[in-house]
Amino acid sequence: MTHTWDPALYRHHDDHRARPFLDLVARVGATAPREVVDLGCGPGHLTGMLVQRWPDARVHASDASPDMVAAARENGVDAELADVRDFTPGPETDVVVSNAVLHWVPQHRDLLARWAAALPDGGWLAIQVPGNEVSPSHTTARDLLASPEWSGLVPEGLPAYGVGTPEEYARLLAGARPGAHVDCWETTYLHPLTGDDPVGHWIAGSTLRPVRGVLDDAAWDRLRAELAPRLRAAYPPDDAGVTWFGFRRVFAVLGAR
């Protein structure tokens, strides 16, 4: 939960990364929440959308990365350094949003059940997690890191997140909060990317952050150079030079009753 993050690199694909957040929050039916919490706020640019939607609410933002917290504060968000595992909704926490965070937490199912049970009546919980573990972007990187050349440098390899299906999350949330409104789904976004190593650049800002944290600059550059042709083979550009990158996301929204 304390991986080194590069806020600028993460925001390079900002339009694409923001769209799932917007689709998620659009399904939250809160009208006049007292307190809104953004867990894993990143550089804080999306937290501002929560402030705009609910201007009368107290909006709290947090992230486990000091770099992200610093970037959020530079963006005018009063973010705090905190681990999502330590969070519990309070009696006035009417909206909890966690966007592209919980896949980093192996025990996130337990967290979801606890948060759902603790929400006040009328509260909302909304989460989104990437579900791309079996896509070539991830399996190609995982296979390379498992090779003898890299396994000694990165002994833990690429984390396997264990993201569930929409049905799994629906059953979990409904069981944790009987009678609640539960809305779960998945979407595969097709992102048109350009450049010499577009998919490598994308995962360098997110998926590969745990790996970046254990490599020095020279080893990191060498890994990127070895991974790039493999990713280009898995995601060849079309005749116009566009690489179509499919990215699956899993969503879960609960309205407590």
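**Q** It is not clear to me how the packing of helix α6 (residues 136-145) against helix α11 (residues 217-234) should be interpreted in this structure. Could you clarify?
**A** Two quantities define a packed helix pair, namely the angle between the helix axes and the distance between the axes. Axis separation between α6 and α11 bottoms out at 10 Å; the angle between their running directions is 140 degrees. Looking at the two axes, α6 sits oblique to α11. Between α6 and α11 the crossing geometry is right-handed. For the pair formed by α6 and α11, the contact residues are Pro136, Ser137, Thr140, Ala141, Leu144 and Leu145 on the first element and Leu223, Glu226, Leu227, Arg230, Leu231 and Ala234 on the second. Considered class by class, the residues forming the contact of α6 with α11 number eight nonpolar, two polar and two charged.

**Q** Got a minute to help me understand the packing of helix α5 (residues 108-118) against helix α8 (residues 166-176) in this structure?
**A** Contact geometry of α5 with α8 gives a least axis separation of 8 Å together with a crossing angle of 40 degrees. The pairing of α5 with α8 is recorded here as oblique in orientation. Relative to α8, the crossing made by α5 is right-handed. Between α5 and α8, the residues in contact are His108, Arg109, Leu112, Ala113, Ala116 and Ala117 and Glu168, Tyr169, Leu172, Leu173 and Ala176, respectively. When the residues that make up the contact of α5 with α8 are grouped by side-chain class, the tally is eight nonpolar, one polar and two charged.

**Q** In this structure, what is going on with the nonpolar core? I would like to understand it.
**A** Soluble globular proteins tend to pack their nonpolar side chains together in the buried interior. The biggest cluster of nonpolar side chains holds 28 residues, and the ones touching the most others in it are Val84, Leu102, Leu112, Trp115, Leu125, Leu173 and Leu254. When residues of this core are traced back to their parent elements, those giving at least two are β1 (35-39), α5, β5 (124-130), α8 and β7 (243-255). In terms of residue count, α5 provides more of this core than any other element does, four residues in total. The residues contacting Leu112, other than those within four sequence positions of it, are Leu102, Leu125, Ile127, Tyr169, Leu172 and Leu173. Grouped together as the second largest cluster of nonpolar side chains are 22 residues, Ala141, Leu145, Leu193 and Phe247 included.

**Q** I tried to follow the pattern of salt bridges on my own but got confused; where do I start?
**A** Two side chains carrying opposite charge are able to pair once their charged atoms lie near each other. In this structure the tally under the stated criterion is 13 salt bridges. One salt bridge connects Arg58 with Glu35, and the closest N-O pair in it is separated by 3.9 Å. With a gap of 23 residues between them, Arg58 in strand β2 (residues 58-63) and Glu35 in strand β1 connect regions that are remote in the sequence. Between Arg224 and Asp197 there is a salt bridge, with its nearest N and O atoms 3.5 Å apart. With a gap of 27 residues between them, Arg224 in helix α11 and Asp197 in the loop between β6 (181-193) and α9 (198-204) connect regions that are remote in the sequence. Residue class for Asp197 comes out buried when judged on its relative accessible area of 16%.

**Q** Is there a simple way to think about the sheet that holds strand β3 (residues 79-81) in this case?
**A** Each strand in a sheet pairs with its neighbour through backbone hydrogen bonds, running either in the same direction (parallel) or in the opposite one (antiparallel). With respect to topology, seven strands assemble into an open sheet ordered β3-β2-β1-β4-β5-β7-β6, the strand pairing being mixed. Of all the strands in the sheet, the pair left with one neighbour each is β3 and β6. Between one strand axis and the next, the sheet turns by 20 degrees as a mean value, whatever way the strands run. Pairing of β5 with β7 involves seven bridges; the strand directions are antiparallel. When the bridges of β7 are listed, Gln128 appears paired with Phe251. Most of the contacts of helix α4 (residues 66-74) go to β3, to which it runs at about 165 degrees, and overall it touches β2 and β3.

What counts as what
Residues numbered from 1 in each chain as written. Predicted model: local features only at pLDDT ≥ 70, side-chain atom pairs only at ≥ 80, totals over all residues. Heavy atoms only, no water. Axes fitted to C-alpha atoms, helices over the stretch in contact; angles between N-to-C directions. Helix = DSSP H or I, 4+ residues; strand = E, 2+ residues; numbered from the N terminus. Parallel < 35°, antiparallel > 145°, perpendicular 65-115°, else oblique. Left-handed = near helix turned anticlockwise from the far one by under 90°. Contact = heavy atoms within 4.5 Å. Nonpolar A, V, L, I, M, F, W, Y, C, P; charged D, E, K, R; others polar. Core = buried A, V, L, I, M, F, W, Y, C linked by side-chain atoms within 4.5 Å. Buried < 20%, exposed > 50% of the residue type's maximum accessible area, 1.4 Å probe, protein only. Salt bridge = Lys/Arg side-chain N within 4 Å of Asp/Glu carboxyl O. Pairing = 2+ DSSP bridges.

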